[in-house]
Amino acid sequence: MKIAVVFWSGGGSTENMASEIAFGIKEAGAEAVVSNVGDFDVSTIGEFDKLALGCPSMGLEQLEESEFEPFFAKIEGSLRDKEVVLFGSYGWGDGAWMRDWVSRAEAAGAKVFNGEGLIINGTPDADGIEACRALGKKFAG
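The paragraphs below set out a description of the structure included in this document.

About the thresholds
Residues numbered from 1 in each chain as written. Predicted model: local features only at pLDDT ≥ 70, side-chain atom pairs only at ≥ 80, totals over all residues. Heavy atoms only, no water. Core = buried A, V, L, I, M, F, W, Y, C linked by side-chain atoms within 4.5 Å. Buried < 20%, exposed > 50% of the residue type's maximum accessible area, 1.4 Å probe, protein only. Helix = DSSP H or I, 4+ residues; strand = E, 2+ residues; numbered from the N terminus. Contact = heavy atoms within 4.5 Å. Expected span 1.5 Å × (residues − 1).

What about the nonpolar core?
Part 1 of the argument: Of all hydrophobic cores here, the largest spans 27 residues; its most connected members are Leu53, Phe68 and Trp101.
Part 2 of the argument: If you list the elements that add at least two residues to this core, you get β1 (2–7), β3 (50–54), α2 (68–75), β4 (83–90) and α3 (96–107).
Part 3 of the argument: Sequence-distant contacts of leucine 53, defined by excluding residues within four places in its chain, comprise Val6, Phe68, Phe71, Phe72, Ile75, Val85, Leu86, Phe87 and Trp101.
Part 4 of the argument: In this structure, Ala22, Leu118, Ile120 and Phe139 belong to the second largest nonpolar core, which totals 20 residues.

Quick look at the structure:
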């Protein structure tokens, strides 16, 4: 099992989540390839069994618009029947960006893991780290 963990992070919280999710994936015995969205080659998406995608809430609860939004728009056509998990941090709001993102991924034909994403307010604390690791393990299973 080979899983791409692709993220965008402004302050480091979503990057921390990506690292902990990858840790859980590896604990489950799968391969995790962690990449910042700007460094990920979208032409390799077919090489991965699953995708873990991370982006924090930005602005009025939306995906980061200069790097992550164009990336996601580019891969939407490749998500049909692909199992994905979505994650990100936030500092305000109620998670509307994640609900919208889940709906968008499902509309593209993705199989969204657990039907929802993982959101953490601010920097992951000990409970948040454990939630990320547990998500990685379950996703790889």
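Having seen the model, we can carry on.
Focus on helix α1 (residues 13–27)
Quick reminder: α-helices carry 3.6 residues per turn. Residues three or four places apart thus point the same way.
Part 1 of the argument: Here α1 is 15 residues long and its end C-alpha atoms lie 21 Å apart, about the 21 Å a rise of 1.5 Å per residue gives.
Part 2 of the argument: Among the residues trailing α1, glycine 29 stands out with phi positive, at a value near 95°.

Considerations on the environment of serine 19
Part 1 of the argument: One can find serine 19 in helix α1.
Part 2 of the argument: On the accessibility criterion, serine 19 (41% relative accessible area) is partly exposed.

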